[in-house]
Each structure stands twice: as C-alpha cells, then as structure tokens.
Amino acid sequence: QVQLVESGGGLVQAGDSLRLSCAASGRTFSSYVMGWFRQAPGKEREFVAGISRSGGRTSYADSVKGRFTISRDNAKNTVYLQMKSLKPEDTAVYYCAAYGGAATLPIARGMYYYWGQGTQVTVSS
C-alpha cells in the first residue's frame, strides 16, 4: 500500500508559478506510475499529468501542456508538478495518485489505486 501526501498549494495571481510536491510512503515508489489530477468546484476530477515509473515518459492534458511539468525523484519517493503561467481556470484541488497495474501511462482516474488528500490551488485574476 502507498500513502500519498501533497503539499505546495496556495493562493497566487494569474501568471505566477507554483510547485506541488507529493511524498509517498513505502519502498516500492518506483514501481508506480504517478499522476496528478484536479477537481474544480462543481466539476469532475480530471487528469492533469502523468509520469511513467522511470520518469522517462510523461503525458499532459491539453489544457496544461506547455505550462505544467511533471517530474519524479524515485530516491526521494516524491513526484512534483511545476506549474507556470497559472490561469484562474487552474483553480482546483490538486491530487496525486499512484497506479500499480500493467498499463504504461493511464489517464483514467478510475485506474489509479491510491490517492492523496489533495492540496488547494487558487489563482486570482
């Protein structure tokens, strides 16, 4: 089992940058595909970015492509989401999630086994 704890959220202005971190417990972090999802009020939780077990492959939602960067440090059991040029529509609770199945880089939230508690990101205009 994996426990995930996000941090780094906050209130920023449009155009600012923010880096989220997600620390994972356990010794098998490198065996999990990691993803970031977000959920805005009244909306479904959506895929933001994913990274393969080794970190060699990444995937992004079109809405964040070119602005957000996902990375991981398997030695530190941590996955990051660097967010730049933030927009008010990026306002949401951001969750990290872990997938331990056979797929290379799933984007469907139902495929992820473990979830953090979320961290709020608010972007003011």
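These numbers were taken from a predicted model, which means no experiment stands behind them.

A short note on the pairing of strand 5 (residues 46-51)
Line of reasoning, step 1. Where burial is concerned, most of strand 5 is hidden: five out of the six residues are buried.
Line of reasoning, step 2. Judged from the five bridges that link them, strand 4 (residues 33-39) and strand 5 form a sheet pairing that is antiparallel. Note on strand 5: the bridge partner recorded for phenylalanine 37 is phenylalanine 47.
Line of reasoning, step 3. Counting the residues between successive antiparallel strands, the hairpin from strand 4 to strand 5 contains six residues, one of them, glycine 42, with a positive phi of roughly 80 degrees.
Line of reasoning, step 4. As paired elements, strand 5 and strand 6 (residues 58-60) share three bridges and run antiparallel to each other. Opposite glycine 50, over in strand 6, you have serine 59 as the bridge partner.
Line of reasoning, step 5. Joining the antiparallel neighbours strand 5 and strand 6 is a turn of six residues, in which glycine 55 adopts a positive phi near 90 degrees.

Topic: the pattern of salt bridges
Line of reasoning, step 1. Taken as a whole, this structure holds five salt bridges when the rule is applied.
Line of reasoning, step 2. The salt bridge partner of arginine 38 is glutamate 46, with a shortest N-O separation of 2.7 Å.
Line of reasoning, step 3. For arginine 38, a relative accessible area of 6% puts it in the buried group.
Line of reasoning, step 4. Two residues, glutamate 44 and arginine 109, come together in a salt bridge whose shortest N-O distance is 3.8 Å. Within this pair, whereas glutamate 44 is found in the loop between strand 4 and strand 5, its partner arginine 109 is found in the loop between strand 9 (92-99) and strand 10 (114-115), the two being separated by 65 residues in sequence.
Line of reasoning, step 5. Residue classification places arginine 109 among the partly exposed residues on the basis of a relative accessible area of 37%.

Calculation criteria
- Residues numbered from 1 in each chain as written.
- Predicted model: local features only at pLDDT ≥ 70, side-chain atom pairs only at ≥ 80, totals over all residues.
- Heavy atoms only, no water.
- Buried < 20%, exposed > 50% of the residue type's maximum accessible area, 1.4 Å probe, protein only.
- Helix = DSSP H or I, 4+ residues; strand = E, 2+ residues; numbered from the N terminus.
- Pairing = 2+ DSSP bridges.
- Salt bridge = Lys/Arg side-chain N within 4 Å of Asp/Glu carboxyl O.

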